[in-house]
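Tertiary structure, described
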Amino acid sequence: MAGTQEVFELVEKGRSRQIAAAVQAAVDAGVEPSVILNDGMIAAMDSVGKKFSAGEVFVPEMLVAAKAMKKGVDVLKPYLAEGEAGANGKVIIGTVQGDLHDIGKNLVAMMLESSGFEVIDLGVDVDKNLFQTTLQENPDTKIVCCSALLTTTMPALKETVAMLNDQPNRKDFSVMIGGAPITDDFAKDVGADYYSPDAAGAAQTAKAAV
Ligand code: B12
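Residues numbered from 1 in each chain as written. Predicted model: local features only at pLDDT ≥ 70, side-chain atom pairs only at ≥ 80, totals over all residues. Heavy atoms only, no water.

**As for the environment of Pro139**
Definition in use: Elements are defined by DSSP. Helices are runs of H or I of four residues or more, strands are runs of E of two residues or more, and each kind is numbered from the N terminus. For each residue, the accessible area found with a 1.4 Å probe, counting protein chains only, is set against the maximum for its type, and the residue is called buried under 20%, exposed over 50%, and partly exposed in between.
Residue position: Pro139 is located in the loop between helix H6 (128–137) and strand E3 (141–147). In this structure Pro139 comes out as exposed when scored by relative accessible area, which is 53%. When the C-alpha atoms of Pro139 and Phe117 are compared, they prove to be 15 Å apart, with 22 residues separating the residues in sequence.

In structure tokens:
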């Protein structure tokens, strides 16, 4: 749809000042929020990633695209939200140590929140000890979610899951992992309970897990 294409182009080009109005216009034109998110914004980030791999764009372009996407998601958030806040229990989420990518993690957090979870977001570059102390301070946590976007931070994800699996109260919470390089097989190998390839799936899996 035309509105979605415009959102795609504005995110791809990192046009932060125009993106909010374009997302709102697409919503007003009746485009499904999930279509604006997936076919507009996430597809644009994929395109930027491919161009980065091909050496056609560099880190600054990825950064401005990320900024534009964040502004777009802010507009979309109320339209994606549903459910009663906090009713399903507590979730801890963070991007693992050494990894600064947070757009996917933020989307997962947003979908979990809108599915009725109370989300404790530890941000990016999260040391496994911070996951541990947060879990100890919140023994009623239902799910710990870890994100990794780089092949080079998959070992940190593995170590974080190993630490979680060593916790004395391990049976009281589930571990869910995700991020572009993560697969179901990797999740099984490292001993995580759940994996989802996207934010909507993460929320569905989380609801089924509690
Ligand atoms: C934007 C971006 C950046 C931005 C991040 C800004 C930010 N605030 O997040 C900046 C510029 C900082 C950046 C830096 C780097 N980046 Co970068 N970046 C990207 C890019 C273009 C988009 C990522 C993104 O936001 N995607 C959109 C979101 C919505 O998708 P997502 O993150 O995959 O999340 C979805 C799923 O994975 C899942 N999910 C995510 N987390 C979780 C967690 C759970 C629990 C679950 C269930 C699901 C889940 O749900 C999400 C929503 O559906 C990707 C390319 C790509 N296609 O992914 C490269 C990419 C990830 N980056 C890459 C690289 C190489 C780097 C740098 C090393 C570059 C450099 N030389 O400095 C640095 C590393 C910095 C660091 N230490 O982290 C490579 C990684 C290659 C690899 N295999 O490891 C990619 C793939 C680009 C490429 N094609 O080469 N990057």
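Don't stop here, the text continues.
**A word on the coordination of the cobalt atom of the ligand**
Quick note on the threshold: Sodium, potassium and calcium take a 3.2 Å donor cutoff, other metals 2.8 Å, and in both cases only N, O and S atoms count; water is not among them, so sites may look incomplete.
You will see that the cobalt atom of the ligand has only one donor from the protein, His101 (NE2), lying 2.3 Å away. Looking at the element boundaries, His101 is found in the loop between strand E1 (89–95) and helix H5 (103–114).

**Some points on the site of the ligand**
For clarity, the cut-off: One heavy atom suffices: a residue is near a molecule or strand as soon as one of its heavy atoms comes within 4 Å of it. Polar contact criterion, stated in full: a pair of N or O atoms within 3.5 Å, where within protein one must be able to donate a hydrogen and the other to accept it, and residues adjacent in sequence count only if both atoms are side-chain atoms. Each residue is assigned to one of three groups, with Ala, Val, Leu, Ile, Met, Phe, Trp, Tyr, Cys and Pro labelled nonpolar, Asp, Glu, Lys and Arg labelled charged, and all others, Gly among them, labelled polar. Note that the domain bounds were set by an automatic or database domain assignment.
Close to the ligand lie 37 residues; Ser53, Leu100, His101, Asp102 and Ser147 are nearest. The contact in question runs from a nitrogen atom of the ligand to an N or O atom on the side chain of His101, over 2.7 Å. Residue Ala199 places a main-chain N or O atom 3.1 Å away from an oxygen atom belonging to the ligand. Within the residue set of the shell around the ligand, elements represented by two or more residues are helix H3 (33–53), helix H4 (59–80), H5, E3, strand E4 (174–178) and helix H9 (199–209). By residue number, the principal contributor to the shell around the ligand is H3, which donates six residues. Looking at side-chain class alone, the shell around the ligand contains 21 nonpolar, 10 polar and six charged residues. In terms of domain composition, the shell around the ligand takes at least three residues from each of domain 1 (2–80) and domain 2 (89–209).

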